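# Coordinates in review
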Amino acid sequence: MKFGVVVFPGSNCDHDAWYAVSAPLGQPAEFLWHDTESVGDCDAVILPGGFAYGDYLRCGAIAKFSPVMRAVKKFAQDGGLVLGICNGFQILVESGLLPGALIRNRGLKFICRPVALRIETANSPFSGAGAKGQTLTVPIAHGEGCYYADDRTLDRLEAEDRVVFRYTDNPNGSLRDIAGVLNEGRNVLGMMPHPERAAEPLMGSSDGLVVLRSMVAALAGSRA
Amino acid sequence: MTITPDLIASHQLSQDEYDKIVSLLGREPTYTELGIFSVMWSEHCSYKSSRLHLKKLPTRSKLVVQGPGENAGIIDIGGGYAIAFKIESHNHPSFIEPFQGAATGVGGILRDIFTMGARPIAVMDSLRFGPLDDPEAGPRNRRIVEGVVSGIAHYGNCFGVPTIGGECLFEPSYNGNPLVNVFALGVFKKDEIFYARASGVGNPVIYVGAKTGRDGIHGASMASAEFSEESSQKRPNVQVGDPFMEKLLLEACLEAMQTGAIVGIQDMGAAGLTCSTCEMGSRGNTGIEIDLKLVPQRETGMTPYEIMLSESQERMLLVAEKGREQEVVRVYKKWGLDAVTIGVVTDDGMLRVTDHGTVVAEIPNRALADEAPLYDRPHTTPCRVAPMEAPAFQSRGLNADLAALLASPDVCSKRWIWEQYDHMVRTNTTQIPGGDAAIVRIKETGSSVAMALDGNGRYASLSPREGARLAVAECCRNLSVVGALPVAATNCLNFGNPERPEIMAQLVEAIEGMAEACRHFETPITGGNVSLYNETLGEAIFPTPVLGIIGLMKTATPVTIDFKRPGRPIVLLGGLGTCEDARFGGTAYAKAILKRCWGLPPALDMDYEKRVQTAMREIVAAGLAESAHDLSDGGLAVALAESSFGPAGVGAEIQFASGMRPELLLFHEGPSRILISTDQPEEVLAIAARHNIEAPVAGHTIEGRISIRNRSETLIDCEVRALRAAWEGALAADLRA
């Protein structure tokens, strides 16, 4: 399964995502430069963390206009798996691929620490390798990760079983403790925590591999 | 413009220095030339007061690839790879404008690393502030802490380098002069190192990165003067950082270096375009001619003086092979950056600056970079305020003392700070902040690099020589505790006004003490920074020599501070140590509980210390330590408490039979001591015996309590949970006050 890792000029978790996919996961990975118009022959796309174009404006607000995002949208519309991590989640929201918004953390400060996530549904290509109710330890590192949406949207997300991860101890004020959500087609996931940072025991946790392994399994299943 | 004595003085040049300029040029300088000389000959750029003494430091070893004199020091880490590292101060700007001052301090040191071709993989910070509860300066100090921490976070987090540790201490002497010392480390292939030399006559000189503006003009000179009441007017001297631009510059430079077309490269830091041109020319024994009309500018109407002295951030100067400019330019264009040929390397050794065809400056490169005045400033006995005599003192309750000490600003948890730093990006951090040393693995080699920053201004204020030696010893001990072999060091020397003989004496003695200890522990100094004139209205800071030391180790799950399981024997490697009242006055206890400072710092036996460290590394290598933590601020009781603050909440029951009085037994800061919990005490004791060091089994770990008894007397008996609460919440509470 070939993973494409998008590189915006200000991406800074691109190498980490690439490394997690190629080393612990053992799958091929390639970088997709931000001005490319196509995701090529990738089976899945990761939008990594960072500060896409500096993000001095609202996070992800400029990235949504980049050529690669046109390609990612098309890929998602055709059912391709897209995982947005941290800044990647912010970009997916800005691009309209996911509902809601990510606003400043409740405490107004950047927070970097491991948090506990509860898998809310195993019915997704990003969590199928886990079990509903299972807790994962995965780090967060963001200043603007407070998930926000109106009640109707939140109700709908819950009714359609599209909340994949919740914080067990909400670090940033996200409404209804939401840490990761799916699109309607269930093939696009945005999450603030960094699964690629929890991919080896040496890094303190390898729980993040649940997300990546789920994707591999889902892709294998869809091919079979 | 006519050069008047007032103009000379306002450039912080003495009449003698001006006369030397005239004799070097053989004529009066132009206004632009005066500006150029004033920044290059500033204390910050020329080290004119410290150079003579810095020569006493050891700088070589088999592993040192590059010592002082380049953008950063380099050591060989094996496997075909090397690391570049350095510490630098950004003290003055951080007082005037904390957020941008600290942010650009990070930016500057990062450029020093990647200009050599290394990718930065770790940052650490050594910070000093005035007390948060100071009756007068408290509110300002709190604002400075908030600003500095968020500035460091802003820059490092966006750039994508993990900030993995450091230290943060508080003293009234930093009220008007906070210290922000930033350390950075990068990794690269040993045969892909780039140097800041301009060679090859006829080669193009190319300007890359951000455009030049009017910010930071005379920043280097500002950093070379004391503060007065008017210092807030210097805000325009502080530069503004753009971490996204820096990230682009990093990627573009590393990619451009791969083309093979780059001959030499230097960042534009202090003294900007002036420093990078004349230093590259001087190192390459060449001349450089540039035309200012070609320099990318973001403001209109800038004079040659302003362009040459601007310290706008995120800029680099490089020399490329003639005819291959386009290969370089193409890479920078890809990253959306300016890359403009602004001049050429010449054979006459001159820095020649033209503006629309008119020569505005023409100075021998060597005169600027190498012939700055060198002063042997008079030095007497080091300035000291504290009395030698110990006062009478007695604890009013040891349990309460321990809780208060744990909640004191110097000792309390610094989590509030380091959780604002992305300390995990690049997925190499195997030991996060809060440990004795920080560790990153090197994916390319399968090995790891540990690093620690240490400097105790209070010790150094009592004896600069002993304080500097203790800082080296502690730094090396912190590395040994995690199992790393200390191999090389960088230093940041923060002092007051060197024109005062008693301050100069502090500097001289600290350098000599550091030299002695660095020789002893085999950690040559490969570079660093001197920050003088840290004075406000005649009040100097405590002499603050800060060490950053690097250790090499195998990649493995690190030994951490916290006790893991109850029922484990606890070994005090190095023993109880000794202390008399006269050497207790520099401790955290004397400061936080007794509110006094006196005497001398703890006594250090460097031979013994080295044996303790060697034994410790053997214990880690043999996998015998379940936890390990060195004794430093707050001594034994604080180290025991900190070891109990892990997720397991495991405490300790300790029994001594010592004749030392309780305050000293619990809180003295004698060096060469490490707490280890182990399930194989016999093996640990055997290693200690082989190195001829004391290693009493002091007790064992237990659930949830800390109890320390001496003979039949209970000195400490506390719940871990209560102590932890005091330690963990203190800093955030102090900042809210």
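Residues numbered from 1 in each chain as written. Chains lettered and ligands numbered in written order. Predicted model: local features only at pLDDT ≥ 70, side-chain atom pairs only at ≥ 80, totals over all residues.

Moving on to the overall build of chain B. A count of helical and extended segments in chain B gives 25 helices and 28 strands. Relative to the compact-globule value of 27 Å for 737 residues, chain B shows a C-alpha radius of gyration of 26 Å, a close match. For chain B, the spread of C-alpha atoms along the principal axes amounts to about 90 × 50 × 45 Å. Within chain B, the proportion of its 737 residues that are buried is 64%. (Helix = DSSP H or I, 4+ residues; strand = E, 2+ residues; numbered from the N terminus. Rg over C-alpha atoms; globule rule 2.2 N^0.38 Å. Buried ≥ 20, exposed ≤ 12 C-beta atoms within 10 Å, placed from the backbone.)

Quick look at the overall build of chain A now. A tally of helices and strands in chain A yields five helices and eleven strands. Taking 2.2 N^0.38 as the reference for a compact globule, 224 residues should give roughly 17 Å; the C-alpha atoms of chain A span a radius of gyration of 16 Å, in line with that estimate. Here the C-alpha coordinates of chain A stretch approximately 40 × 40 × 35 Å along the principal axes. Buried positions account for 58% of the 224 residues belonging to chain A. Expressed as a percentage of contacts within chain A between residues at least 6 apart in sequence, the contacts between residues at least 24 apart total 76%. (Contact = placed C-beta atoms within 7 Å.)

This part is about unusual backbone geometry. Glycine aside, the phi torsion of most residues is negative, and most peptide linkages are trans. All names here are of chain B. At Tyr533, a position not held by glycine, the phi torsion is positive, near 60°. Inspection of the secondary structure assignment puts Tyr533 in the loop between strand E18 (525-531) and strand E19 (535-536). On the neighbour-count criterion, Tyr533 (25 C-beta atoms within 10 Å) is buried. One non-glycine residue, Lys595, lies in the positive phi region at around 55°. Following the sequence through the fold, Lys595 ends up in the loop between helix H20 (588-592) and helix H21 (606-621).

Residue and element names in this part refer to chain B. The mixed open sheet is built from seven strands, whose spatial order is E8-E10-E7-E11-E9-E12-E13. With one partner strand each, in any of the chains shown, strand E8 (262-267) and strand E13 (358-364) form the two edges of the open sheet. Taken over all neighbouring pairs, the strand axes of this sheet differ in orientation by 25° on average, direction set aside. Looking at chain direction, strand E7 (residues 204-209) and strand E11 (residues 338-346) are connected through six bridges and run antiparallel. (Pairing = 2+ DSSP bridges. Axes fitted to C-alpha atoms, helices over the stretch in contact; angles between N-to-C directions.)

Residue and element names in this part refer to chain B. Spatially, the seven strands line up as an open sheet ordered E23-E25-E22-E26-E24-E27-E28, and their pairing is mixed. At either margin of the open sheet sits one strand with a lone partner, and together these are strand E23 (627-630) and strand E28 (713-719). Averaged over all pairs of adjacent strands, the angle between strand axes in this sheet comes to 20°, irrespective of strand direction. Pairing of E23 with strand E25 (residues 674-677), which is carried by four bridges, proceeds in the antiparallel orientation. Bridge pairing in E25 links Asp630 to Ile674.

Residue and element names in this part refer to chain B. Of all the eleven residues making up strand E21 (residues 544-554), ten are buried; the element is thus mostly covered by neighbouring parts of the structure. As paired strands, strand E17 (residues 485-494) and E21 are joined by nine bridges and run antiparallel to one another. Bridging from a neighbouring strand, Leu493 pairs with Pro545 of E21.

The next subject is the interface of chain A and chain B. Each side of the interface is counted separately: chain A has 21 residues, and chain B has 21 residues. Here the residues of the side of chain A that touches chain B are counted per class, giving eleven nonpolar, five polar and five charged. (Nonpolar A, V, L, I, M, F, W, Y, C, P; charged D, E, K, R; others polar.)

Here we take up the packing of helix H8 (residues 138-159) of chain B against helix H10 (residues 243-257) of chain B. All names here are of chain B. Packing of H8 against H10 leaves a shortest axis separation of 8 Å and a crossing angle of 35°. Once H8 is placed against H10, the crossing between them reads as right-handed. Counted together, His154, Tyr155, Cys158 and Phe159 of H8 and Pro243, Phe244, Glu246 and Lys247 of H10 form the full contact between these two elements. Counted by class, the contact of H8 with H10 contains five nonpolar, one polar and two charged residues. (Left-handed = near helix turned anticlockwise from the far one by under 90°.)

To continue, consider the environment of Val106 of chain B. Residues and elements named next belong to chain B. For Val106, the position within the fold is in helix H7 (residues 98-114). Along the backbone, Val106 and Glu88 are 18 residues apart, and their C-alpha atoms lie at a distance of 8.9 Å. Leaving out residues up to four positions away in the same chain, Val106 has contacts with Val123, Ile152, Tyr155, Gly156 and Val182.

With respect to the helices and strands, Gly659 of chain B occurs in the loop between strand E24 (650-656) and helix H23 (662-667). In sequence terms Gly659 of chain B and Asn710 of chain B are 51 residues apart; their C-alpha atoms lie 8.7 Å from each other.

Turning our attention to the nonpolar core. All names here are of chain B. Formed by 327 residues in total, the largest nonpolar core has its most connected members in Met40, Leu406, Val472 and Leu573. If you tally residues by element for this core, the top one is helix H19 (residues 501-520), at eleven residues. If near-sequence neighbours (up to four positions away) are discounted, Leu406 is found in contact with Val411, Cys412, Val638, Ala641, Leu723, Ala726 and Trp727. (Core = buried A, V, L, I, M, F, W, Y, C linked by C-beta atoms within 7 Å.)

So, about the confidence of the model for chain B. With 98% of its residues at a pLDDT of 70 or more, chain B has an overall mean of 95. Reported confidence for the predicted complex is 0.97 by ipTM and 0.96 by pTM. (pLDDT = per-residue confidence, 0-100.)

Here we come to helix H22 (residues 635-643) of chain B. Within H22 of chain B, nine of the nine residues are buried, which leaves the element mostly enclosed by the surrounding structure. Burial in H22 of chain B covers these residues: Gly635, Leu636, Ala637, Val638, Ala639, Leu640, Ala641, Glu642 and Ser643 of chain B.

Here we take up the packing of helix H18 (residues 464-481) of chain B against H21 of chain B. All names here are of chain B. The contact between H18 and H21 brings their axes to 8 Å, and the two run at 15°. When the axis of H18 is compared with that of H21, the two are roughly parallel. The chirality of how H18 crosses H21 is left-handed. Across from Ala473, Cys476, Arg477, Ser480 and Val481 in H18, the residues of H21 making contact are Met606, Glu609, Gln613, Met616 and Arg617. A breakdown of the residues in the contact of H18 with H21 according to their chemical character gives five nonpolar, two polar and three charged. (Parallel < 35°, antiparallel > 145°, perpendicular 65-115°, else oblique.)

In this section: the pairing of strand E3 (residues 44-47) of chain A. Residues and elements named next belong to chain A. Neither face of E3 is left uncovered, since the one carrying Ala44 and Ile46 and the one carrying Val45 and Leu47 both have all their residues buried. The pairing of E3 with strand E4 (residues 81-85) spans four bridges and is classified as parallel. By the bridge assignment, Ile46 is partnered in E4 with Leu83. Viewed along the sheet, the connection from E3 through helix H2 (residues 67-77) into E4 turns out right-handed. (Right-handed = clockwise from strand over helix to strand, strands pointing away.)

All names here are of chain B. For Cys45, the position within the fold is in helix H4 (residues 43-46). Given 24 C-beta atoms within 10 Å, Cys45 falls into the buried group. Placed 324 residues apart in sequence, Cys45 and Ala369 show a C-alpha to C-alpha distance of 8.7 Å.

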